[in-house]
Amino acid sequence: MEPLRVGVAGCASIALRRMLPAMAAAPRTEVVAIASRDGRRAERAARAFGCRPVTGYAALLELAEVEAVYVPLPLALHAEWTEAALRAGKHVLVEKPMTTDPARTRELLDLARRGGLVLMENVMFVHHRQHAVVRDLLGGGAIGEVRSLHAAFTVPERPDGDIRYERALGGGALWDVGVYPVRAALYLLGPELEVVGAHQRVAPGRVVDTSGAALLRSPKGVGVQVAYGLENFYTATYTVNGSEGRLTLDMAFTPPADRVPVIRVERPSGVEEMRLAPDDQVANTVAAFAEAVRTGAGSPDAEVCLRQAVLLDAIRRRAARR
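Residues numbered from 1 in each chain as written. Predicted model: local features only at pLDDT ≥ 70, side-chain atom pairs only at ≥ 80, totals over all residues. Heavy atoms only, no water.

Asks: An account of the overall build of the protein is needed here, citing residue identities and associated values.
Replies: Helix and strand counts for the protein stand at 9 helices and 14 strands. The C-alpha radius of gyration computed for the protein amounts to 20 Å, which stays within 12% of the reference 20 Å derived for 322 residues, consistent with globular compactness. When contacts within the protein are restricted to residue pairs at least 6 apart in sequence, long-range pairs at least 24 apart make up 65% of them. About 14400 Å² of surface is accessible on the protein, with carbon and sulfur atoms providing 48% of the total. Counting 40 positive and 37 negative side-chain charges, the protein places the averaged centre of each group 3 Å from the other. (Helix = DSSP H or I, 4+ residues; strand = E, 2+ residues; numbered from the N terminus. Rg over C-alpha atoms; globule rule 2.2 N^0.38 Å. Contact = heavy atoms within 4.5 Å. Areas by Shrake-Rupley, 256 points an atom, 1.4 Å probe, with all protein chains shown as cover. Lys, Arg positive; Asp, Glu negative; His and termini not counted. Charge placed at Lys NZ, Arg CZ, Asp CG, Glu CD.)

Asks: Account for the sheet that holds strand S6 (residues 119-122), with residues named and values stated.
Replies: In space, the 6 strands of this open sheet follow the order S3-S2-S1-S4-S5-S6, with parallel pairing throughout. Two strands lie at the open edges of the sheet, namely strand S3 (52-55) and S6, each paired on one side alone. Taking the axes of each pair of neighbouring strands and ignoring which way they run, one obtains an average angle of 25° across the sheet. Taken together, the 3 bridges between strand S1 (residues 4-9) and strand S4 (residues 68-71) define a ladder with parallel strand orientation. (Pairing = 2+ DSSP bridges. Axes fitted to C-alpha atoms, helices over the stretch in contact; angles between N-to-C directions.)

Asks: Outline the packing of aromatic side chains, listing residues and values.
Replies: Inspection of every chain in the model, using the stated rule, returns 7 aromatic pairs. The interplanar angle of 80° and the centroid separation of 5.0 Å between the aromatic rings of phenylalanine 125 and phenylalanine 253 together place this pair among those described as edge-to-face. Separated by 128 residues along the polypeptide, phenylalanine 125 in the loop between S6 and helix H6 (129-139) and phenylalanine 253 in the loop between strand S12 (246-250) and strand S13 (262-267) bring together distant segments of the chain. Phenylalanine 253 sits in the buried class, given a relative accessible area of 1%. Centroid distance phenylalanine 153 to tyrosine 234: 5.9 Å. Interplanar angle 90°. Geometry classified as edge-to-face. Remark: tyrosine 234 occurs in the loop between strand S10 (223-229) and strand S11 (235-242) and phenylalanine 153 occurs in strand S7 (residues 146-154); sequence separation between them is 81 residues. We classify phenylalanine 153 as buried; its relative accessible area is 5%. Through pairs of rings, three or more aromatic residues link up here, namely Phe125, Phe153, Tyr180, Tyr234 and Phe253. Lying over the aromatic face of tyrosine 187, arginine 135 brings its terminal NZ or CZ to 3.8 Å of the ring centre. Here the guanidinium or amino end of arginine 206 rests over the ring plane of tyrosine 165, the centre of that ring lying 3.8 Å away. (Phe/Tyr/Trp six-rings, centres within 6.5 Å; stacked < 30°, edge-to-face > 60°. Buried < 20%, exposed > 50% of the residue type's maximum accessible area, 1.4 Å probe, protein only. Lys NZ or Arg CZ within 6 Å of the ring centre and 35° of its normal.)

Asks: How would you explain the sheet that holds S13 if you had to name every residue and give the values?
Replies: Pairing is mixed across the open sheet formed by 8 strands, whose spatial order is S8-S9-S10-S7-S11-S12-S13-S14. With partners counted over all chains shown, the strands left at the sheet margins are strand S8 (194-201) and strand S14 (270-275), one partner each. Sheet twist, expressed as the average angle between the axes of neighbouring strands with direction ignored, equals 10°. Sheet topology note: the S8/strand S9 (residues 211-217) ladder contains 7 bridges and is antiparallel. The residue of S9 that forms the bridge with glutamine 200 is glycine 212. Where H6 meets the sheet, it contacts S7, S11, S12, S13 and S14, and its direction lies at approximately 175° from that of S12.

Asks: Can you break down the environment of phenylalanine 125 residue by residue, with the values?
Replies: The exposure class of phenylalanine 125 is buried, given its relative accessible area of 1%. For the pair formed by phenylalanine 125 and proline 256, sequence separation is 131 residues and the distance between their alpha carbons is 11 Å. Ignoring sequence-local partners within four residues, the contact set of phenylalanine 125 consists of His131, Tyr180, Arg183, Ala184, Ala252, Phe253 and Gln281.

Asks: Report on the packing of helix H4 (residues 78-87) against helix H5 (residues 102-114), specifying residues and quantitative values.
Replies: At a closest axis distance of 10 Å, the pairing of H4 and H5 adopts a crossing angle of 15°. Of the possible angle classes, the one that applies to H4 and H5 is roughly parallel. Judged by the twist between their axes, the crossing of H4 over H5 is left-handed. Here H4 contributes Ala79, Thr82, Glu83, Leu86 and Arg87 to the contact with H5, which in turn contributes Arg104, Leu108, Leu111 and Ala112. In terms of residue class, the contact of H4 with H5 is built from 5 nonpolar, 1 polar and 3 charged. (Parallel < 35°, antiparallel > 145°, perpendicular 65-115°, else oblique. Left-handed = near helix turned anticlockwise from the far one by under 90°. Nonpolar A, V, L, I, M, F, W, Y, C, P; charged D, E, K, R; others polar.)

Asks: How would you summarise the nonpolar core if you had to cite specific residues and measurements?
Replies: Tyr238, Phe253 and Ile263 are the most contacted members of the largest nonpolar core, which totals 53 residues. Looking at this core element by element, the count peaks at 12 residues for helix H7 (residues 173-189). In terms of nonpolar packing, the next biggest core, distinct from the first, is built from 28 residues, Tyr57, Val94, Leu111 and Leu306 among them. (Core = buried A, V, L, I, M, F, W, Y, C linked by side-chain atoms within 4.5 Å.)

Asks: Break down the pairing of S1 for me, with residues and values.
Replies: Counting buried positions along S1 gives 5 out of 6 residues, so the element sits mostly inside the fold. Strand direction decides the pairing type here: S1 and strand S2 (residues 29-36), joined by 6 bridges, are parallel. Note that in S2 the partner of leucine 4 across the bridge is threonine 29. For the crossover from S1 across helix H1 (residues 13-25) to S2, the handedness is right-handed. (Right-handed = clockwise from strand over helix to strand, strands pointing away.)

Written out as structure tokens, the structure reads:
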């Protein structure tokens, strides 16, 4: 399979620290260009990865050698440059969430489908094997019937000036970290969740939500509690309570590639800790994107991506009414 030739629109931290090294190391992808509005910044990044520097995102889309574009720009710019890349005939891997508007997300997914292009949202944790094992355990009745799910992703406060605190750039805790526990609920319980209630906090001196929580439910009556925040002790975990036991996974969303995952299952008979082989969710995500393009399989997880957008928007609206 010929490597997918990727251009990167922006020099965001996640691109430089995680995605670009993974793309450069992967046999199925080749980084051919890195673009920035600042030409010197593009040159520094391109030099580090042995590729072509480009000044301006529009110029990147004009390059014939670029087959696909990775978009790690601030959230407020996702829709604009994702659409531009699709209209230029490029496949797109865009940072999560794709947009802040379910209607706009649907438009972009429809545009990709009509053009025969892959549009994939970069939610990496779902590509880690530990979650597939959890889903298999739940499906096999390891804790009986599922009664509730508690999921949380919180991180310590960021420095002043961080783009996560900039309203104009699409900042806020819901968009930055709330997406993780919501997506985990969709992954484990299916797409038919609905939002029952939500709350958000805006810390003194901030203009965006800095933490929040929401209550969701499934058609079968499974309750889901999600918590998220940009001003908290680091937490990345979920617990599934069942009629006959409880399952817990820590370091659920951003595990290092060398971490040994541990799934803890508690039952009346005792506690079992299942240790899994380490897995690299970043490399797996890059491989999944390249495979979707090369096999013509279409946009992976398009429907769940759209459902996620609907739920995030519902949480935002519910929390704003309080």
